[in-house]
Amino acid sequence: QVHLVESGGGAVQSGGSLRLSCAASGNIGGIHLMGWYRQAPGKQRELVADISMWSSTNYADSVKGRFTISRDSGENTVYLQMNSLKPEDSAVYYCKADIRVQFTLFSNEYWGQGTQVTVSS
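It should be emphasised that the depicted structure is a prediction, and the values quoted were computed from it without experimental measurement.

Asker: Hey, could you run me through the environment of Tyr94 in this one?
Answerer: If you trace the backbone, Tyr94 turns up in strand 9 (residues 91-101). For Tyr94, a relative accessible area of 15% gives the class buried. The spacing of Tyr94 and Gly114 is 20 residues in sequence and 4.4 Å in space, taken between C-alpha atoms. When neighbours within four sequence positions are excluded, Tyr94 is seen to be in contact with Glu6, Gly35, Trp36, Tyr37, Gln39, Arg45, Trp111, Gly112, Gln113 and Gly114.

Asker: Would you take a moment to explain the pairing of strand 10 (residues 107-111) for this structure?
Answerer: Regular strands place side chains that alternate from one sheet face to the opposite one. Looking at chain direction, strand 9 and strand 10 are connected through five bridges and run antiparallel. In the strand pairing of strand 10, Lys96 is matched with Trp111.

Asker: Explain the side chain of Thr77 here, please?
Answerer: Counting through the fold element by element, Thr77 comes out in strand 8 (residues 77-82). Overall, the relative accessible area of 8% leaves Thr77 in the buried class. Within the structure, Thr77 has its side chain in polar contact with the backbone oxygen of Glu75 (distance 2.9 Å). Apart from the residues lying within four places of it in its own chain, the contact partners of Thr77 are Cys22, Ala23, Met34, Ser70, Arg71 and Asp72.

Asker: Would you explain the pairing of strand 5 (residues 46-52) in this entry?
Answerer: In terms of burial, strand 5 is largely enclosed, as five of its seven residues are buried. Note: strand 4 (residues 28-39) against strand 5, six bridges, orientation antiparallel. What sits directly across from Tyr37, in strand 5, is Leu47. In sequence, strand 4 turns back onto strand 5 through a hairpin of six residues, with Gly42 there showing a positive phi of about 80°. The turn linking strand 5 back onto strand 6 (residues 57-59) is made up of four residues, and Ser55 within it adopts a positive phi angle of 70°.

Parameters at a glance
- Residues numbered from 1 in each chain as written.
- Predicted model: local features only at pLDDT ≥ 70, side-chain atom pairs only at ≥ 80, totals over all residues.
- Heavy atoms only, no water.
- Helix = DSSP H or I, 4+ residues; strand = E, 2+ residues; numbered from the N terminus.
- Buried < 20%, exposed > 50% of the residue type's maximum accessible area, 1.4 Å probe, protein only.
- Contact = heavy atoms within 4.5 Å.
- Pairing = 2+ DSSP bridges.
- Polar contact = N/O pair within 3.5 Å; in protein donor to acceptor, adjacent residues only side chain to side chain.

Set out below in structure tokens:
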């Protein structure tokens with residue numbers, strides 16, 4: 001069993017900051033890619049940022065220069081530092097990780113339960 005638990009969402013005013021955390025736990029053999037997605041009402045879920053096991057990062061154009069993704073491989077945790085937040089950043093943010101369970105050969109996708117981020121103007 002593998003679980004992803006997110007924390008750090010909330011409500012802030014435009015220009016404010018939030019830091020999201022996502023911790024993976026369970027029978028983890030290895031984690032290749034960890035990332036954050038978001039879904040606003042009436043919109044499709046979209047990639048915000050992801051980070052590989054070699055710390056290679058990828059960002060959506062809409063968050064470049066404002067958001068920073070990082071990971072603590074020893075703690076199986078990924079973070080998303082969000083600065084200069086805008087109302088259009090409001091969404092449910094989901095953590096996703098490609099995890100290989102112990103004693104298996106292949107990775108599977110796991111998702112967190114989501115955390116709400118609300119940015120008011």
